[in-house]
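Structural features, examined
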Amino acid sequence: GFQGARRMRERKPELLERITNLLRPWSPPAAALVLKDERLFWRDPAQWIQFMIFFGLLCLYVVNLHNVAFNFQNPFWETMISYLNLAASSLTLSTLTTRFVFPQFSLEGRLLWIIGLAPIGVHRVLLQKFWTSCFVTTLITVSLMVTSSLMLHLPWLRVGFFAMAIGLMSATLSGLSVGLGALFPNFKEDNPSKIVSGFGGTLCLVASFLYITLFVSLVALPDLARVTKFPWTIPPAAPYIVALVLSLSIMLFPLLLAIRRVKNLEI
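Here's a quick rundown of the structure. (Residues numbered from 1 in each chain as written. Predicted model: local features only at pLDDT ≥ 70, side-chain atom pairs only at ≥ 80, totals over all residues. Heavy atoms only, no water.)

Observations concerning the overall build of the protein chain
The secondary structure content of the protein chain amounts to eleven helices and zero strands. Ordered by position from the N terminus, the helices and strands of the protein chain form the series α-α-α-α-α-α-α-α-α-α-α. Looking at the 267 residues of the protein chain, the share that counts as buried comes to 42%. Total accessible area on the protein chain stands at roughly 15100 Å², and carbon and sulfur atoms take up 72% of it. (Helix = DSSP H or I, 4+ residues; strand = E, 2+ residues; numbered from the N terminus. Buried < 20%, exposed > 50% of the residue type's maximum accessible area, 1.4 Å probe, protein only. Areas by Shrake-Rupley, 256 points an atom, 1.4 Å probe, with all protein chains shown as cover.)

Structure, rendered in structure tokens:
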């Protein structure tokens, strides 16, 4: 027993542990939960193979952007292509959150009661999944947006604008996916694909598409009105404010309902 404990202390931490240890000074329980989720993900070949295929398609999309044959000297086409790029990236984001984030709460399965007995509580597990999803999806989509915007030769100010837009959408869709995943759980299944194919997963995907359509339309209105010389009587900041309020509502409402629901489960 003593030698086994000594070997455990002398064992070099694996890559996932070294990454997750960065969280321990702030929240050791959250770091342990993140490490658990990481190990479960990489131990399931179906999960990480699908993720690799997904990521490979993203890389192909970015690499082929230089083949876009529009005349960027025309402000209208420059604006249209940049917002179509935002729409394509955000649709990719919705697929990512629905496929990989929505099933996370259901995958806790029949062992959820064990986590409920722990001091951290089930509602904090839900928040940990939200923040982890925010970090991962924002890292992926902001990198994608910055790279694709530079491939389109957009000025740095526009690159920053689109990076902030996709970052806000990442947080919103993470909150939506985590919230709906806890409101419509399926603890009988341990296959993420089957969990997503249920009512909750379909609702999450449809709600994500509707949100993306509204958000991209709102943030594109001022620029499209400028390049088309359309008479615009509404203050230019109004669509951005509406898009921000819409994003916060869709992010927080399902998440708060889910936290309330899992707190009742704890009781």
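Looking at helix 10 (residues 199-227)
Given a rise of 1.5 Å per residue, 29 residues ought to cover 42 Å, and the 42 Å separating the end C-alpha atoms of helix 10 matches this to within 8%. At Leu221, helix 10 is bent by approximately 40°, the largest bend along its length, and proline Pro222 sits one to four residues beyond. Backbone geometry just downstream of helix 10 places Lys229 in the positive-phi region, at approximately 60°. (Expected span 1.5 Å × (residues − 1). Bend = angle between axes of the 7 residues up to and from the residue.)

Concerning the packing of helix 8 (residues 156-183) against helix 10
Where helix 8 contacts helix 10, the axes come no closer than 11 Å and their chain directions differ by 155°. Judged by the angle between their axes, helix 8 and helix 10 are roughly antiparallel. The two elements helix 8 and helix 10 cross, and the hand of that crossing is right-handed. Together, Arg158, Phe161, Ala165, Leu168, Met169, Thr172, Leu173, Leu176, Ser177 and Leu180 of helix 8 and Leu203, Cys204, Ala207, Ser208, Tyr211, Ile212, Phe215, Val216, Val219 and Asp223 of helix 10 make up the contact between the two elements. Residues of the contact of helix 8 with helix 10, tallied by class, amount to 15 nonpolar, three polar and two charged. (Axes fitted to C-alpha atoms, helices over the stretch in contact; angles between N-to-C directions. Parallel < 35°, antiparallel > 145°, perpendicular 65-115°, else oblique. Left-handed = near helix turned anticlockwise from the far one by under 90°. Contact = heavy atoms within 4.5 Å. Nonpolar A, V, L, I, M, F, W, Y, C, P; charged D, E, K, R; others polar.)

A short note on a nonpolar patch on the surface
Among the surface-exposed residues, Ile49, Ile53, Leu57 and Leu60 lie close enough to one another that they form a single nonpolar patch of about 390 Å² accessible area. By the element assignment, Leu57 lies in helix 4 (residues 45-63). Assessed through its relative accessible area of 54%, Leu57 is described here as exposed. (Patch = residues over 30% accessible without salt bridge, like charges linked within 9 Å, V, L, I, M, F, W, Y side chains within 5 Å. Salt bridge = Lys/Arg side-chain N within 4 Å of Asp/Glu carboxyl O.)

So, the packing of helix 5 (residues 75-101) against helix 7 (residues 122-151)
Taken N-terminus to C-terminus, the directions of helix 5 and helix 7 make an angle of 155°; their axes are 11 Å apart at the nearest point. Taken together, the axes of helix 5 and helix 7 lie roughly antiparallel to each other. Crossing handedness for the pair helix 5 and helix 7: right-handed. Across the interface between the two elements, Asn85, Leu86, Ser89, Leu93, Leu96, Thr97 and Val101 from helix 5 touch Ser133, Thr137, Ile140, Thr141, Leu144, Met145, Ser148 and Ser149 from helix 7. Its residues assigned to classes, the contact of helix 5 with helix 7 comprises seven nonpolar, eight polar and no charged.

Some remarks on unusual backbone geometry
Although it is not a glycine, His153 sits at a positive phi angle of roughly 60°. For His153, the position within the fold is in the loop between helix 7 and helix 8.

Side note on the environment of Phe55
Within the secondary structure, Phe55 sits in helix 4. In this structure the C-alpha to C-alpha distance between Phe55 and Ile140, which are 85 residues apart in sequence, comes to 9.1 Å.

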